[in-house]
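# Geometric and topological summary
Below are the chains, spelled out letter by letter.
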Amino acid sequence: MKKLMIICLALLSMTAQAQWQRPAEQTSPMTARKFTLNLTEDGKAQMVCFLPQKPTGKAIVGIPGGGYSVLSNTHEGTMASGWLNERGIAYFVVNYRLPEGDRSKPIGDVEQGFRIVRDSAQVWGINPNDVGIMGFSAGGHLASVISTHSPFEVRPNFSILFYPVISMDERVSHVYSCRNFLGEGQKDPALVREFSTDKAVRRHLTPPAIIIMSSDDGLVPPLTNGLAYYTAMRQAGNECALLVYPSGGHGYGFGQWFSYRNEMLATLGKWLDARQTPKTDAIRVACIGNSITDGHGIDLATANGYPALLQRKLGNGYWVKNFGVSARTMLNKGDYPYMNEMAWRDALAFKPDIVIIKLGTNDSKPENWRYGSEFRQDLVQMITTLRPDLAQPVKKAKKKSKKAQPAPVAKPQIYLCTPIPAFKSTWNISDEVIANNIIPIQQEVAKEYGLQVIDLHTLYANDGDKMLSDGIHPDGKGAQRLADIIAGAIAP
């Protein structure tokens, strides 16, 4: 009798567990192929791949959560495959190695996943310019690290962050995520700040994001994590959306038990559909410059600065990216040299077909122009780094009796923009130095190296009414005027 009671209790326990067990994952009929790839030689990191029946070209790399101590890779991983494949989106779940004191392990695994996806894009029906990342909780932190810290080649084109850990300060974040990711580095304030990713957001360079949270999340405080990332993105003028639901707690992922699941998926679907994707063969245009390129004083400059307006004017046959950074100089001995910036490294990695260089305004300041004798050599350094074939100046070809075949156009085509006029001497910027010193050097170098000049100083001279009150930066109408001039030069 006693043995019978034990068996009954065991059966009851198993029944109760079965009632609470989450539904088993099933592969969607819209999934064409499912397979697993090793990301490390020992197979300790893997990527589960779901390719859709009708690919749209979009892809997402999924990063499960688990506090950097386990991987919650069902409801925060593979469970999303059906919904994504039905939308024609290829999906890749990275089962990364846990840090165990070495944060380079999970970072390296995700970066390797991105390399494989982009390298295999043509075979898998993916647009390599439309690969996003989707992270949950601690995986949301890892996704935000890849979005803010990783090199351009493995940085996502967009980010989806579910209730993300953002801060590495354990006083305002998830304690164990912080400790497990940083290890002994948790005691180093510099490392805590470096990997608190709201502090690492870069204007124009950090990809657009959508953040999904619940107000009653008691595990990862929304105010000091997801909201902090949104605030940093918005202050930088980067595209970012924020969804906060009244309830749901933490850790629901794509689970059916999340009461706002349908609303969340509908909004997320619209957000994904609205993302404009560059064509794989689009002409790449890199806009290099200072605060005028950056869009200083223009709200949401990523969408409203001159490079964004140039994109709209040129159309989807072009892919225009803004690599402007405020206050930067061409001079390597200036107060803020452009070629020291992440934006410069990104511009090179972008592998542009066309480069618009608009630097020189800040170089005219007395504290910078004292090194003016080096302006020419620094300009040449930038040009020859972009175009190593120009290490030797262009020489005039000798006339031949027979008509020579036209040489192929070297890439990238470089356009030197003269600075727009400084209508005021704000911040010690000198239009006299610009006109009499900087522009002659630009014209001389352009002639010597066979480059085209866009003379903004002349063409913008009558547009003083399209400036902010500082007399240095164009307003919204001025940004449109710049876009019109530059578009007319590169795509007449």
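Keep in mind the model is a prediction, meaning the values are calculated, not measured.

### Description of the overall build of the protein
Regarding its fold elements, the protein presents 18 helices and 13 strands. Dimensions of the protein along its principal axes, counting C-alpha atoms only, are 105 × 55 × 40 Å. Counting across all 492 residues of the protein, residues that qualify as buried make up 55%. A fraction of 76% describes how many contacts in the protein between residues 6 or more apart in sequence connect residues 24 or more apart.

### A few points about the sheet that holds strand β1 (residues 31-38)
Sheet architecture is open: 8 strands sit in the order β1-β2-β4-β3-β5-β6-β7-β8, paired in mixed fashion. On the outer flanks of this sheet lie β1 and β8 (240-245), each paired with one strand and no other. Strand-to-strand twist across the sheet, computed as the mean angle between neighbouring axes with direction ignored, equals 15°. Of the strands in this sheet, β3 (59-63), β5 (131-136) and β6 (159-162) touch helix α5 (residues 138-149), which is tilted by about 145° from β5. In this fold helix α9 (residues 261-274) packs onto β3, β6, β7 (209-214) and β8, with an angle of close to 165° to the strand it touches most, β6.

### Topic: the nonpolar core
Membership of the largest hydrophobic core comes to 50 residues, with the highest contact counts inside it found for I63, F92 and I126. Aside from chain neighbours lying at most four places away, what touches I63 is E76, V94, Y96, V110, I133, M134, G135, F136, G139, L142 and A143. Counting residues in hydrophobic clusters, the runner-up holds 43 residues, among them Y338, A343, A349 and L386.

### Thoughts on the pairing of β7
Buried residues dominate β7, accounting for 6 of its 6 residues. Here β7 shows no split at all, with A209, I211 and M213 on one side and I210, I212 and S214 on the other all buried. When β6 meets β7, the two strands line up parallel, connected through 4 bridges. Looking at the pairing, S159 lines up with A209 of β7. In this sheet, β8 lies alongside β7 in parallel orientation, the contact comprising 6 bridges. Across the sheet, residue I211 finds its bridge partner in β8, namely L242. On the question of chirality, the crossover connecting β7 to the parallel β8 by way of helix α8 (residues 226-235) is right-handed.

Reading the values: the criteria
- Residues numbered from 1 in each chain as written.
- Predicted model: local features only at pLDDT ≥ 70, side-chain atom pairs only at ≥ 80, totals over all residues.
- Heavy atoms only, no water.
- Helix = DSSP H or I, 4+ residues; strand = E, 2+ residues; numbered from the N terminus.
- Buried < 20%, exposed > 50% of the residue type's maximum accessible area, 1.4 Å probe, protein only.
- Contact = heavy atoms within 4.5 Å.
- Pairing = 2+ DSSP bridges.
- Axes fitted to C-alpha atoms, helices over the stretch in contact; angles between N-to-C directions.
- Core = buried A, V, L, I, M, F, W, Y, C linked by side-chain atoms within 4.5 Å.
- Right-handed = clockwise from strand over helix to strand, strands pointing away.

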